[in-house]
Amino acid sequence: MNYLTGRLVTFPLVLLGVSLIVFIAIRLVPGDSITAMLGTEAGLLTPKQREALAAYFGIDQPWFIQYWRWLYDLFHGDLGVSVTYGRPVLDVILERFPLTLELALLSMIVALLVGVPAGVYAATHNEQPSDLGVRIIAMVGQSTPNFVLGLVIIYILSAGFGILPVMGTFTSIWQDPLTNLSQMILPAVTLGFAFAASVTRISRSAMLDILKDDYVRTARSKGASSRAVIWRHALPNALIPVVTLSGIEFSYLLGGAVIVEQIFALPGLGRLVLDAILQRDYALVQGTVLFIAFNVMVVNLLVDLAYATLDPRIRLGER
Amino acid sequence: MAIRTTKTRLTGMAVAAMLGIAAVAAPAQAETLRMAWAQDATGLDPHKQTAFPSLRLLELVYEPLVRLDSKLQIMPAIAESWEYSADGKTLTFMIDADAKFQNGAPVTSADVKASFERILNEETGAVARANFLSIDGIDAPDANTVVFNLSQPDAPMLTAMTDINAAVLPASEIAAGSVGTKTVGSGPFSLEKWDPNSKATLVANKDWAGGMPGVDGIDISVFPDESAILAAMRTKQIDFALMNDPLIATLVPRESGLQLNREAVLSYHVLQLNPSRSPFTELGVRQAISCAIDRQQILDTASLGEGRVTGPLTIPAYASDPNSLFCYTRDVEKAKKLLADAGYADGFSTTVIAATGEPPTAASEAQVIQAQLAEIGITVEIEMMELNVYIDRWLKADFDMAVALNGGRADPFTMYNRYWTKAGNLQKVSNYIDDTLDSLMMKGRAETDPAARKETFAAFEKHLAEMSPWIWLYNSYNYTAQQDNVKGFTPTPTGSLFSLSEVTVE
């Protein structure tokens, strides 16, 4: 409990730090909302026109005043209004978030369903040709950039078979689960592939270590079947590094998978924040990054709690 | 062969089933045009937006007084006729009595007056204001007549009025301050829904004065990756698309059932030199660079030959034969001599800035230029940067050389006044003042006789190419891809999509 309270107390402090860094960083980059909207035509503006536009975009004050105002609104539950969308930042984020969450969950399911069995299989067939095969595939999976995989999948399906799930118009899972799944499965496989490769490698090596442990030998000598030894005794302990890896990967995916979202034309958080940066939509960048940071912290906390469940020897907060 | 196709199809269906793909390639609907592009509009205020996709979206919703056809001739839009007074200082428009806003209100002279006053008001922040500074006052003697009183004869102003940045908005919306959040235009489509960077839904305006559009609506989806657009067109999910990257656009004609529309555009690829920085202050150095550049090779290497070598004027009615311009045939020996005469026999080192992906050919162009200039001893370092960073540097003229894709206009004065007149707003970027260029521009502005204007601007172009403050390279194509069953689209040199109002899906 103490541990949990301690972590929760640091949440706002970390978020405040993140918000300050993002606020300053996005303003340090050359160019502003005006040049993002007008391009080189911005040079045609008279000083008075420029002032009017700066006031419209809310960038007419020194940065610390802008930050103070933003912080003040934040404590009143207001993340500001996006100038691109003309709507509250939080509304825009919450509209995009379900897609990102779904994509992260699906690609994690793909990765774990493929990666854990493959890792266990390779570990139990250590140094045999089939182990080598799994390791080679995992190596290829880890080193293939996902834009290559995504484009290759799209190309093969559309040019080779003349089929492709509907792209461009995204259907949410609540509207039509089947269409939604057909739109999400390719991006999830694309993202999950490299992730599955990492899971395979880490579960293989963890499994190899554990199979040498005394308690596994004890279980074997007591006559437990090979299957029971592997799945009941060894695997739960081998899963701890997999949970760590999945936690890191999952929180990373919650920040949006920019490249995969671009390729498959999915309106997720990754594209939202990228477009917001390119269009210098300051309020939207700040709001989205803060939201992502919050999610990462929540996931990390959940991962820590999961350790304790998986391995009773781990007691959180005890020194 | 037939067996193989069947087999492929069966495998395809099996794969589709495995992937749980429920909706496989919906058949082309007859009524709604499904369109895709890689970049979305950046906002909805027609007086403020200047990005290419914004203009393309807004010109389907709003209308200017006059518009350009595919030959860049001025045609009626909201105005059914217009007339300059004999002294060229009064411009009178008669408004089409059938023109109606999408809220049902007729378009009147009061709306025109309010719209132009909004553009001229500095508080609005409308960049098009620079084109309308000759307007002294606007009269609305009756509901269908509007009179612009000018401080000086201004022939190019009428062309500037064809731009969607000079759109006529309802006076009521201007007064309410709702322009940009609510779209009430008088154009062929109304914007029903816009989810930025994702999709837009346009619905045909049945009351449009130009007649009923050929489709019930247009659904625009944003596909950030153009190869995904091509894939979606292959599977007939998309009827019509805009394309930017010549590497992908040129693949379209290879697909059965798809066709590519190419139209040479007014915008131009250019190597901008900065004549305020040494050694580009020297005419000989600039001319040497002009002679050392092989424009055709840049076009062939960076853009697969998709385009044509051009001088400063890209407007078909005004363009000269590029071969008649200074050093348009590469001459390395001459370049070396010019450089030596200017005191740089051993060459020098310099940098060129370019924006990543904007245009898609920017990096390749910079690399070819680097190789070509190396032949006369100029060492070029390439600095690639994000577009906004590039624009920031460009506007401050913080560069030695810049690879740029600059927008064109249908009138030479509007196109180049900003750079090559003494009072030009972007004179601080071009950093080059020349009495000859200035006086030729002023002469062209006041001149109304087309033949005399052409002659004036030809002299302007020749002199500009010879002084070489910039090295004009080529103008490329504007690409649209479509299914064979999409009929009636006419591409234009401005890249306008207005003719989507005439398109039908068969």
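Residues numbered from 1 in each chain as written. Chains lettered and ligands numbered in written order. Predicted model: local features only at pLDDT ≥ 70, side-chain atom pairs only at ≥ 80, totals over all residues. Heavy atoms only, no water.

Overview of the overall build of chain A
Note the cut-off: Strands are runs of DSSP state E lasting at least two residues, helices are runs of H or I lasting at least four, and both sets are numbered from the N terminus onward. For every residue, the accessible area obtained with a 1.4 Å probe (protein chains only) is divided by the maximum for its type, and the residue is called buried under 20%, exposed over 50%, and partly exposed between those limits. Contacts are assigned to residue pairs with any non-hydrogen atoms lying within 4.5 Å of each other. Residues scored as positive are Lys and Arg, those scored as negative are Asp and Glu, and His as well as the terminal groups of each chain are ignored. Charge positions come from single atoms, namely NZ of Lys, CZ of Arg, CG of Asp or CD of Glu.
Secondary structure assignment for chain A yields 13 helices and zero strands. Counting from the amino terminus, chain A carries its helices and strands in the arrangement α-α-α-α-α-α-α-α-α-α-α-α-α. Here chain A holds 319 residues, and 49% of them are scored as buried. Long-range pairs, those at least 24 residues apart, make up 72% of the contacts in chain A between residues at least 6 apart in sequence. Across chain A, 21 positive and 22 negative side-chain charges occur, with their mean positions spaced 9 Å apart.

Focus: the domain arrangement of chain B
Residue and element names in this part refer to chain B. For clarity, the cut-off: For each domain, the first and last residues come from an automatic or database assignment. Salt-bridge detection follows one rule: a side-chain nitrogen of Lys or Arg within 4 Å of a carboxyl oxygen of Asp or Glu. For this scheme, ten residues count as nonpolar: Ala, Val, Leu, Ile, Met, Phe, Trp, Tyr, Cys and Pro. Four count as charged, namely Asp, Glu, Lys and Arg, and the remainder, Gly too, count as polar.
Taken domain by domain, chain B comprises domain 1 (3-184 + 478-505) and domain 2 (268-475). In this structure, domain 1 and domain 2 have C-alpha centres spaced 31 Å apart. Facing 15 residues of domain 1, the contacting portion of domain 2 comprises 15 residues. Inspection of the region where domain 1 meets domain 2 yields one salt bridge. For the side of domain 1 that touches domain 2, the leading source of residues is helix H4 (residues 156-160), giving three residues. When grouped by side-chain class, the residues that make up the side of domain 1 that touches domain 2 number eight nonpolar, five polar and two charged.

Points about the sheet that holds strand S10 (residues 217-222) of chain B
Neighbouring strands of a sheet are bound in pairs by backbone hydrogen bonds; such pairs are parallel or else antiparallel. Residue and element names in this part refer to chain B. Put simply, the rule reads: In this analysis, strands are considered paired if DSSP registers two or more bridges between them. Helix axes use the C-alpha atoms of the stretch in contact, all axes being lines fitted to C-alpha atoms, and the angles between their N-to-C directions lie in the range 0 to 180 degrees.
Reading across the sheet, the seven strands line up as S8-S9-S10-S1-S11-S19-S12 and stay open at both edges, with mixed pairing between neighbours. In the strand order of this sheet, the two ends are held by strand S8 (189-195) and strand S12 (258-264), each with one partner. In this sheet, neighbouring strand axes are inclined to one another by 20° on average, regardless of whether the strands run parallel or antiparallel. Bridge analysis of S8 against strand S9 (residues 199-204) gives six bridges, and the strand direction is antiparallel. Among the inter-strand pairings, Phe189 is bridged to a residue of S9, identified as Ala204.

Description of the nonpolar core
Proteins that are soluble and globular tend to have nonpolar side chains buried together. Condition: Only buried residues count toward a nonpolar core, which is a set of Ala, Val, Leu, Ile, Met, Phe, Trp, Tyr and Cys residues joined through side-chain atoms within 4.5 Å.
Counting 181 residues, the largest nonpolar core has B:Leu271, B:Ile289, B:Trp394, B:Tyr416 and B:Trp420 as its most contacted members. Looking at this core, the element that brings in the most residues is helix H5 (residues 89-124) of chain A, giving 13 residues. Residues contacting B:Trp394, with those up to four places away along its chain left out, are A:Thr40, B:Gln272, B:Phe399, B:Ala402, B:Ala404, B:Asn406, B:Tyr419, B:Leu426 and B:Val429. Counting residues in hydrophobic clusters, the runner-up holds 33 residues, among them B:Met35, B:Ala41, B:Leu55 and B:Ile164.

Observations regarding the environment of B:Asn165
Residue and element names in this part refer to chain B. Keep this limit in mind: Polar contacts, as counted here, are pairs of nitrogen or oxygen atoms within 3.5 Å of one another; within protein the pair requires one atom able to donate a hydrogen and one able to accept it, and residues that are adjacent in sequence qualify only if both atoms are side-chain atoms.
Tracing the backbone shows Asn165 in the loop between H4 and helix H5 (171-176). Between the C-alpha atoms of Asn165 and Arg286, which are 121 residues apart in sequence, the distance is 35 Å. Not counting chain neighbours up to four residues away, the residues in contact with Asn165 comprise Pro46, His47, Gln49, Thr50, Leu55, Ile119 and Ala128. From its side chain, Asn165 meets the backbone oxygen of Gln49 in a polar contact 2.8 Å long.

Some details on the confidence of the model for chain A
Interpreting fine coordinate detail is not advised for predicted regions of low pLDDT. Filter applied, for reference: A residue's pLDDT is the predictor's confidence in that residue, given on a scale from 0 to 100.
Averaged over chain A, the pLDDT score is 88; the fraction of residues at 70 or greater is 98%. Per-element confidence in chain A is highest for H5(A), whose mean pLDDT is 93, and lowest for helix H9 (residues 214-221) of chain A, whose mean pLDDT is 82.

Some remarks on the sheet that holds strand S7 (residues 145-150) of chain B
Residues and elements named next belong to chain B. Here we have four strands laid out as an open sheet, ordered S4-S5-S7-S6, and antiparallel in their pairing. Here the strands that pair on one side only, and so sit at the sheet edges, are strand S4 (79-84) and strand S6 (135-142). Pairwise comparison of adjacent strand axes, ignoring direction, gives a mean angle of 20° for this sheet. Looking at chain direction, strand S5 (residues 90-95) and S7 are connected through five bridges and run antiparallel. Each bridged residue has a counterpart across the sheet, and for Leu91 the counterpart in S7 is Phe148. Seen against the sheet, helix H3 (residues 109-120) touches S5, S6 and S7 and runs at an angle of roughly 165° to S6.

Some details on the domain arrangement of chain A
Residues and elements named next belong to chain A. For the record, the criterion: The term buried area refers to how much accessible surface (probe radius 1.4 Å) is lost by two components on association, counted for both of them together.
Partitioning chain A into domains gives domain 1 (15-75) and domain 2 (89-310). For domain 1 versus domain 2, the separation of C-alpha centres amounts to 36 Å. In total, domain 1 and domain 2 occlude about 1,300 Å² of area from one another, counting both sides; carbon and sulfur atoms represent 75% of this. Connecting domain 1 to domain 2 are zero salt bridges. Put simply, domain 1 and domain 2 have three residue pairs in polar contact (both at pLDDT 80 or more) between them. Contributions of two or more residues to the side of domain 1 that touches domain 2 are made by helix H1 (2-28), helix H2 (33-38) and helix H4 (63-75). It is H1 that provides the largest number of residues to the side of domain 1 that touches domain 2, a total of seven residues. In terms of residue class, the side of domain 1 that touches domain 2 is made up of 11 nonpolar, three polar and two charged.

Examining the interface of chain A and chain B
Where interface size is given, it is often the accessible area lost as the parts come together that is meant. If you look at the interface, chain A gives 55 residues, while chain B gives 54 residues. With both chains or domains summed, chain A and chain B bury close to 4,800 Å², and 60% of this area falls on carbon and sulfur atoms. The tally of links between chain A and chain B comes to three salt bridges. Note that A:Glu41 is salt-bridged to B:Arg409, the shortest N-O span being 3.2 Å. Here chain A and chain B share 17 residue pairs in polar contact (both at pLDDT 80 or more) between them.

Concerning the packing of aromatic side chains
Residue and element names in this part refer to chain B. For clarity, the cut-off: Put simply, two rings from Phe, Tyr or Trp (the six-membered ring, in Trp's case) pair if the centres are within 6.5 Å, and we call them stacked under 30 degrees between planes, edge-to-face over 60, tilted for the rest.
Following the criterion strictly, the structure yields 29 aromatic pairs over all chains and no others. Ring centres of Phe280 and Phe348 lie 5.9 Å apart, and the angle between their planes is 85°; this geometry places the pair in the edge-to-face category. Pair noted here: Phe280 is in the loop between strand S13 (268-273) and helix H8 (283-292) and Phe348 is in strand S15 (residues 348-355), with a separation of 68 residues, a long-range link. An identical accessibility class is assigned to Phe280 and Phe348; each is buried. Measuring from ring centre to ring centre gives 4.8 Å for Trp420 and Trp470, while their planes differ by 70°; the resulting arrangement is edge-to-face. Of this pair, Trp420 sits in helix H13 (residues 412-420) while Trp470 sits in strand S18 (residues 470-475); the two residues are 50 residues apart in sequence, bridging distant segments of the chain. An aromatic cluster is built from Tyr268, Tyr318, Trp394, Tyr416, Tyr419, Trp420, Tyr432, Phe457, Phe460, Trp470 and Trp472, whose rings are joined through pairwise contacts.

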